[in-house]
Amino acid sequence: MGLDNYTGDEKIVLGIDLGTTRSAVSYAHLQAGSVPKVRTVTRWPGQEDVAGDSKCHTLVRYKSNKPIAFGADALDAAEDNTHLAKWFKLHLHPQSMRTNANLEVPPLPPGVALKQIYSDFIKYIFDHACEFFQSSSHDGETIFNRLKSTFTIVCATPNGWDIVQQSFLRDAFVMAGVLPQGHDRDRLQFVTEAEASVHFALEHSDGDRWLTVGTNFSVLDAGGSTVDTTMYRCTELTPKLKLEEVTSSECVQAGSVFVDRDAERLLRLKLKGSKFEGDEYINEMLEVFEKKTKRKFDGGPDPSVIAFGRARDNDPTYNISKGRITLTSDEVKATFQNSIFDIVLSCENLIGRSSKFCDAMLLVGGYSESPHLRATLKEKLGSRGIQIVSIEDGVKKAAAEGTTIWYIKQLVRARAVRATFGTNVTRIFNSTDALHQERAAEKFLDIDGSTRVGPLLSTWVLKGQVIRADQHTTFNYHRTFKKFPGKGDLAGFEMQVYACDADEKPTWLYRHSGSSALMPGIRKVCRITGDLSGLAASLQEKKGGDGTTYWQINYNVEISFGTTALCAELHWDEKGVNKTGALTLIPDSVF
Ligand SMILES: Nc1ncnc2c1ncn2[C@@H]1O[C@H](COP(=O)(O)OP(=O)(O)OP(=O)(O)O)[C@@H](O)[C@H]1O
Ligand SMILES: [Mg+2]
């Protein structure tokens, strides 16, 4: 499934995958008339011994709030009073993804904000990727200098992230000096890691063998912190492969670092009271566990030996002999247990929610290389007739390489929305409506003389609804004013967007009318702001029930979910002419 000749303007596209433990960058130099070649940065400082390693460590070491080392070089703690920023992606995960109640996220270095860490790390990988491009492409320096002010970046994010995290990253790219303030938004695009991975997987798996029109398949991206599962249906194979999401995707924090975390708990408990209970020994054991034991473990009965120390390190009561500790198969299995339980549950949720049978499941991401995880998925899902497809090469770089392929191919035409979205409205009180009765005591008299209840959610899209990338839906709203509104009143128009992650359709937004406490499961996502002063000409003078004058404007908000983000546009009628105004989305930042 190769790439076609490119027909657009010449440009460089960079695909960036910022992973919890590892990050990677892919790129392509797009030129009209030639078939794009997607490459991955395969040399990272400090990793010279692992030739061709396409992933760098997602690490930054700080001293007095200043970054002093990045990637593999940051592992070296030679200097005193330094702090390592590790697994910092976990801090950006939204509340809805934090299923693991006892999760202890490693703290950020003191006095360094998360955005600063992201910005420092982005600058590092971007600079290095640019250097790599120039040194490893023919005439790289000239091409780079010609195109450096127009490159497009595609950044992969977990399924569970939305506009809040996207906007955080956009700020970090600006802070890093990679993109200028006020850049054209298309220069930084976002794609889910799963969607990027499916582009990689179809490019690298023998799709011809199992993919036909009507095949439903899932992609399970098992990484360091998140495991994302998305189900697609193939709707067209030729002339162009087209995919549609079948149901809303799953995103669970059950990645491979949780196996490490449980291994740490196990070792601390097991060695309590022994001379090996100190951090130094435990950390050495964990390093070997992460690099070898965990990766080799296949669920078989053989014990696992962790060689952590020297010949003089012995304690038979703790199964330690000559610097090696032996763990039984059940002990190692236990470190995988929570993570695998959550992964299987999340797959079952996805499959259960879908009305279609899942024919195949493609495994990508570093953790998907685990023989134990693969075997368990084969056992649990294979027995239901689902074919487990693994790609032998380079699954770790799937998301990174997939982002650039995504930019070029865009195979997915429809996506299932992960949450219910909408805005706040009030409704005319209807005494026969059971829902309105719930809050009958809170009904109030509106400017137009009507008795109303609210705020309720005016639903734009329902969780799980499948939306085509080019689909727009229009909602009519009106706003009333007691006094003739001045220019300022109309120019500063604002609308709050809410989301609900629950499966049921939400109703009331707040615990009580007038309260600022949101109902459980409801969250604020962003505000839509715009200049409605163009609407001044279409203001209508009206009389309320008691004869008082008020003013009303009617407008439509057109919502689309674009490729991967919420978009909104304002429309109104001005003396029979349809007018359009831009609306800006301002994310409700929680950072
Ligand atoms: N054979 C294996 N068995 C178990 N875990 C493995 C194996 N090989 C790699 N891993 C783990 O995979 C993780 C790295 O995978 P990957 O690069 O896909 O994750 P990431 O991109 O850092 O995380 P995320 O995508 O969740 O942010 C590491 O935690 C590593 O320990
Ligand atoms: Mg990843």
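Here the structure is a predicted model, which means the values were calculated and not measured.

## Looking at helix H6 (residues 257–270)
Along its 14 residues, H6 runs 20 Å from first to last C-alpha, staying within 8% of the 20 Å computed at 1.5 Å per residue. Regarding H6, the residues found buried are Val-257, Phe-258, Val-259, Asp-260, Arg-261, Asp-262, Ala-263, Leu-266 and Leu-267.

## Topic: the site of ligand 1
Taken together, 21 residues are adjacent to ligand 1, and Thr-20, Thr-21, Lys-55, Glu-290 and Lys-294 come closest. With respect to ligand 1, the backbone of Gly-366 contributes an N or O atom lying 2.8 Å from an oxygen atom. With the chains in place, 96% of the 650 Å² that ligand 1 exposes on its own is no longer accessible. Of all the elements, helix H7 (residues 279–296) adds the most residues to the shell around ligand 1, at three residues. Here the residues of the shell around ligand 1 are counted per class, giving one nonpolar, eleven polar and nine charged.

## A word on the packing of helix H4 (residues 193–204) against helix H10 (residues 398–409)
Running from N to C, H4 and H10 cross one another at 85°; their axes reach a closest spacing of 7 Å. The angle between the axes of H4 and H10 places the two elements in the roughly perpendicular class. Across the interface between the two elements, Glu-193, Glu-195, Ala-196, Ser-197, His-199, Phe-200, Glu-203 and His-204 of H4 pack against Ala-398, Ala-399, Glu-401, Gly-402, Thr-403, Ile-405, Trp-406 and Lys-409 of H10. Here the residues of the contact of H4 with H10 are counted per class, giving six nonpolar, five polar and five charged.

## Side note on the pattern of salt bridges
All chains considered together, the criterion is met by 26 salt bridges. For Asp-127, the salt bridge goes to Lys-123, with nearest N and O atoms at 2.8 Å. Taken together, the residues span about one helical turn, with Asp-127 and Lys-123 both in helix H1 (residues 114–136) at a distance of four residues. Judged by relative accessible area, which is 33%, Asp-127 ranks as partly exposed. The class for Lys-123 is partly exposed, based on a relative accessible area of 39%. The closest approach of N and O atoms between Glu-250 and Arg-353, which form a salt bridge, is 2.9 Å. Of this pair, Glu-250 sits in strand E13 (residues 250–252) while Arg-353 sits in helix H8 (residues 329–353), placing them 103 residues apart in sequence. Looking at Glu-250, the relative accessible area reads 13%, which means it is buried. Assessed through its relative accessible area of 31%, Arg-353 is described here as partly exposed.

## Considerations on the packing of aromatic side chains
Counted by the stated rule, this structure contains 21 aromatic pairs. Ring geometry for Trp-44 against Tyr-124: centres 6.3 Å apart, planes inclined by 40°, an arrangement best described as tilted. Taken together, the residues span a long stretch of sequence, with Trp-44 in the loop between strand E3 (39–40) and strand E4 (56–57) and Tyr-124 in helix H1 at a distance of 80 residues. In this pair, the class of Trp-44 matches that of Tyr-124, namely buried. Chaining the aromatic ring pairs together yields one cluster made of Trp-44, Phe-70, Phe-88, Tyr-118, Phe-121, Tyr-124 and Phe-168. The cationic tip of Lys-89 hangs over the ring face of Trp-161; the distance from NZ or CZ to the ring centre is 5.9 Å. We note Lys-443 situated over the ring of Phe-429; from NZ or CZ to the ring centre the distance is 5.2 Å.

## What about the sheet that holds strand E15 (residues 320–321)?
By definition, the strands of a sheet pair up through backbone hydrogen bonds, in either a parallel or an antiparallel sense. Taken in spatial order, the three strands line up as E14-E16-E15 in an open sheet, and their pairing is antiparallel. This sheet does not close on itself; its edge strands, each paired only once, are strand E14 (304–307) and E15. Of the pairings in the sheet, the one linking E14 to strand E16 (residues 324–327) comprises four bridges and is antiparallel in character. Note that in E16 the partner of Ile-306 across the bridge is Ile-325. Contacting E14 and E16, H7 runs over the sheet at an angle of about 130° to E14.

## Structural notes on the packing of H6 against H8
One way to put it is that H6 packs onto H8 with a least axis distance of 8 Å and a crossing angle of 135°. Relative to H8, the element H6 is oriented oblique. Judged by the sense of rotation from one axis to the other, the crossing of H6 with H8 is right-handed. Counted together, Phe-258, Val-259, Asp-262, Ala-263, Leu-266 and Lys-270 of H6 and Glu-331, Thr-335, Phe-336, Asn-338 and Ser-339 of H8 form the full contact between these two elements. Of the residues assigned to the contact of H6 with H8, the class counts are five nonpolar, three polar and three charged.

## Let's talk about the sheet that holds strand E6 (residues 66–70)
Taken in spatial order, the three strands line up as E6-E5-E7 in an open sheet, and their pairing is antiparallel. On the outer flanks of this sheet lie E6 and strand E7 (82–86), each paired with one strand and no other. Neighbour-to-neighbour, the strand axes of the sheet open up by a mean angle of 35°, direction not taken into account. Together, strand E5 (59–63), E6 and E7 form the strand contacts of H1, whose direction differs from that of E5 by roughly 115°.

## Examining the domain arrangement of the chain
Here the chain is partitioned into domain 1 (11–193), domain 2 (209–252 + 343–399), domain 3 (257–335) and domain 4 (420–587). A C-alpha centroid distance of 33 Å is found between domain 1 and domain 3.

## What to know about unusual backbone geometry
Working note: non-glycine residues mostly have negative phi, and peptide bonds are mostly trans. A cis amide bond links Gly-454 with the next residue in sequence, Pro-455, at an omega value of -5°. One non-glycine residue, Asp-139, adopts positive backbone phi at about 60°. Inspection of the secondary structure assignment puts Asp-139 in the loop between H1 and helix H2 (140–147). The phi dihedral of Asn-319 is positive, around 60°, even though this residue is not glycine.

## Some points on the environment of Leu-30
For Leu-30, the position within the fold is in strand E2 (residues 22–30). Assessed through its relative accessible area of 0%, Leu-30 is described here as buried. When the C-alpha positions of Leu-30 and Pro-506 are compared, they lie 45 Å apart, and in sequence the two are 476 residues distant. Once residues lying within four places of it in the same chain are set aside, the contact partners of Leu-30 are Tyr-6, Asp-9, Glu-10, Lys-11, Val-13, Pro-36, Tyr-407 and Ile-408.

## Considering the confidence of the model for the chain
Here the chain averages 89 in pLDDT, while 96% of its residues score no lower than 70. By mean pLDDT, the top-scoring element of the chain is H1 (97), and the lowest-scoring one is helix H5 (residues 207–210) (70).

## Concerning the pairing of strand E11 (residues 227–236)
E11 sits mainly inside the fold: seven of its ten residues count as buried. Where strand E10 (residues 216–222) meets E11, seven bridges bridge the pair, whose relative direction is antiparallel. What sits directly across from Asn-216, in E11, is Arg-233. Here E10 folds back onto E11, and the loop between the two strands holds four residues. Pairing analysis gives three bridges linking E11 to E13, with the strands arranged antiparallel.

Parameters and conventions
Residues numbered from 1 in each chain as written. Chains lettered and ligands numbered in written order. Predicted model: local features only at pLDDT ≥ 70, side-chain atom pairs only at ≥ 80, totals over all residues. Heavy atoms only, no water. Helix = DSSP H or I, 4+ residues; strand = E, 2+ residues; numbered from the N terminus. Expected span 1.5 Å × (residues − 1). Buried < 20%, exposed > 50% of the residue type's maximum accessible area, 1.4 Å probe, protein only. Near = heavy atom within 4 Å. Polar contact = N/O pair within 3.5 Å; in protein donor to acceptor, adjacent residues only side chain to side chain. Areas by Shrake-Rupley, 256 points an atom, 1.4 Å probe, with all protein chains shown as cover. Nonpolar A, V, L, I, M, F, W, Y, C, P; charged D, E, K, R; others polar. Axes fitted to C-alpha atoms, helices over the stretch in contact; angles between N-to-C directions. Parallel < 35°, antiparallel > 145°, perpendicular 65-115°, else oblique. Contact = heavy atoms within 4.5 Å. Salt bridge = Lys/Arg side-chain N within 4 Å of Asp/Glu carboxyl O. Phe/Tyr/Trp six-rings, centres within 6.5 Å; stacked < 30°, edge-to-face > 60°. Lys NZ or Arg CZ within 6 Å of the ring centre and 35° of its normal. Pairing = 2+ DSSP bridges. Left-handed = near helix turned anticlockwise from the far one by under 90°. Domains from an automatic or database assignment. pLDDT = per-residue confidence, 0-100.

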